[in-house]
Amino acid sequence: MQPQPSLHLSQRPLKLLSNRVWRTYHGGKMIEQWQGNEEPQDNSFPEEWIASVVQARNAGREHIIEGLSLVDIEGGTPVSLLELVSTAPVSFLGERHVQMFGSQLGVLVKALDSAERLTIQVHPDRQTAKALFQSAFGKTEAWYILGGREIDGEEPYILYGFKQGMTREKWEKLFWDQDIAGMIDSLNKLKVEPGQVFLVEGGMPHAIGSGCFLLEIQEPTDFTIRVERATPGGRVIPDFMCHQGIGFERMFDCFHYDAYSREEVAERFRLEPKLLHESKGFIERSLISYEDTRYFALSSIEITTSCVVGQQGSFSALVVATGGGNLVWDGGSMEVKQGDQIFLPAGVEELRCERTTGEKLQLLRCFPPQASLVTNHE
Ligand SMILES: O=P(O)(O)OC[C@H]1O[C@@H](O)[C@@H](O)[C@@H](O)[C@@H]1O
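Predicted model, so just to flag it, every value in this text is computed and none were measured.

## Things to note about the site of the ligand
Right, so step 1: Within the structure, the ligand sits among 17 residues, and Thr24, Lys110, Lys139, Glu216 and Arg226 are positioned closest to it.
Right, so step 2: A distance of 2.7 Å separates an oxygen atom of the ligand from a polar side-chain atom of Thr24.
Right, so step 3: When contributions to the shell around the ligand are tallied by element, the ones reaching two or more residues are β12 (206-208) and β13 (212-218).
Right, so step 4: Split by residue class, the shell around the ligand holds 3 nonpolar, 7 polar and 7 charged.

If you want it as structure tokens, here you go:
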């Protein structure tokens, strides 16, 4: 008897197709360079959504379904990851995960490259997302800086967290006056460097500055509250894209008005990588652990020769940050190169990763919320 095609696919790594998404800001050139495109360019698709079962919310583009990852079926028609997973959730995601989250992945990963500063924004925490958007997920996110570039003489930077003295009243006034300089001045500015990791909890005001090339891991929604009514490049932001349908008054409920100094931001929200394993073959570091946030985890594996990745009944996604190699599983092998993205179903118990190029093979491993640690969706 022939095995069911979807079940067979849950027992091997799945390469995902490039999945660029429209945003309000310009960028993407560094993503294209990273993926080996010979004529990299900035455009309005500055994000690559990885292992995505989330549809993007872009006002005026509702007729376009964008954001959903497609699985590359060698020699066949690509299939949607969302549809594939829903054919056999336990085989693809693991039993514990499905008990907790059904067929939802519970996590979204992106590569993002900003040629201009993003608008100042906030994402709801879970509680606010439930109250205002009837969503089980908010949008806590974290950034792992992959690289960057100087834009108009400015090094890569982020705006993060209110400085002392902010109140809801003051913030609302800055918004109604559209005092952009005043808003920028109310946030801490930090330079960023490759290898750094920042945790951005729901409620934290922020803006990714120009010149940042990063990997983002986040809760699986697209709720972005924007307080600028035009981008730095002059693109008008429709009202819906500011308040996401909840109205201008309620959008201020999404901000946490706590204040931090720049030093406090660096101390509390810039995460320190932790060494998990070091041998001649590979070095593994935890970049974000379940102690940092309940919502996702991220690790980095730098491979000199080879390593074996175990899955323990759950799934993960792999992003090839640098180098190239072979992935070998019980039943086959595939070549991977820098910029590739792979979904690793729960049915793949072990995967051997071998370096084959001069450059070190660095894999970023992205994990869903830890099902055994959370007792319910909260
Ligand atoms: O509001 P725009 O500029 O389109 O940017 C939205 C982007 O913001 C970033 O900070 C992240 O939250 C991304 O996940 C998101 O897609």
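## Quick look at the confidence of the model for the chain
Right, so step 1: In the predicted model, the chain carries a mean pLDDT of 95, and 96% of its residues have values of at least 70.
Right, so step 2: Across residues 373-378, where pLDDT falls below 50, the model places 15 contacts with residues more than four positions away in sequence or in other chains.

## Some details on the packing of aromatic side chains
Right, so step 1: Scanning the entire structure with this criterion turns up 16 aromatic pairs.
Right, so step 2: Relative to Phe269, the ring of Tyr260 lies with its centre 5.3 Å away and its plane at 85 degrees, an arrangement referred to as edge-to-face. Phe269 carries the same exposure label as Tyr260, and that label is buried.
Right, so step 3: Ring pairing ties together the aromatic residues Phe162, Trp171, Phe175, Trp176, Phe248, Phe252, Phe255 and Tyr257, which thus form one cluster.

## Quick notes on the pattern of salt bridges
Right, so step 1: Going through the model one piece at a time under the given rule, you end up with 25 salt bridges.
Right, so step 2: Linking Glu32 and Arg20 is a salt bridge whose minimum nitrogen-to-oxygen distance equals 3.0 Å. Of this pair, Glu32 sits in helix α2 (residues 29-34) while Arg20 sits in strand β2 (residues 20-21), placing them 12 residues apart in sequence.
Right, so step 3: Glu216 serves as the salt-bridge partner of Lys110, at 3.8 Å between the closest nitrogen and oxygen. Note that Lys110 is positioned in strand β6 (residues 108-113) and Glu216 in strand β13, a separation of 106 residues in sequence.
Right, so step 4: When its relative accessible area of 2% is taken as the criterion, Lys110 is described as buried.

Parameters at a glance
Residues numbered from 1 in each chain as written. Predicted model: local features only at pLDDT ≥ 70, side-chain atom pairs only at ≥ 80, totals over all residues. Heavy atoms only, no water. Near = heavy atom within 4 Å. Polar contact = N/O pair within 3.5 Å; in protein donor to acceptor, adjacent residues only side chain to side chain. Helix = DSSP H or I, 4+ residues; strand = E, 2+ residues; numbered from the N terminus. Nonpolar A, V, L, I, M, F, W, Y, C, P; charged D, E, K, R; others polar. pLDDT = per-residue confidence, 0-100. Contact = heavy atoms within 4.5 Å. Phe/Tyr/Trp six-rings, centres within 6.5 Å; stacked < 30°, edge-to-face > 60°. Buried < 20%, exposed > 50% of the residue type's maximum accessible area, 1.4 Å probe, protein only. Salt bridge = Lys/Arg side-chain N within 4 Å of Asp/Glu carboxyl O.

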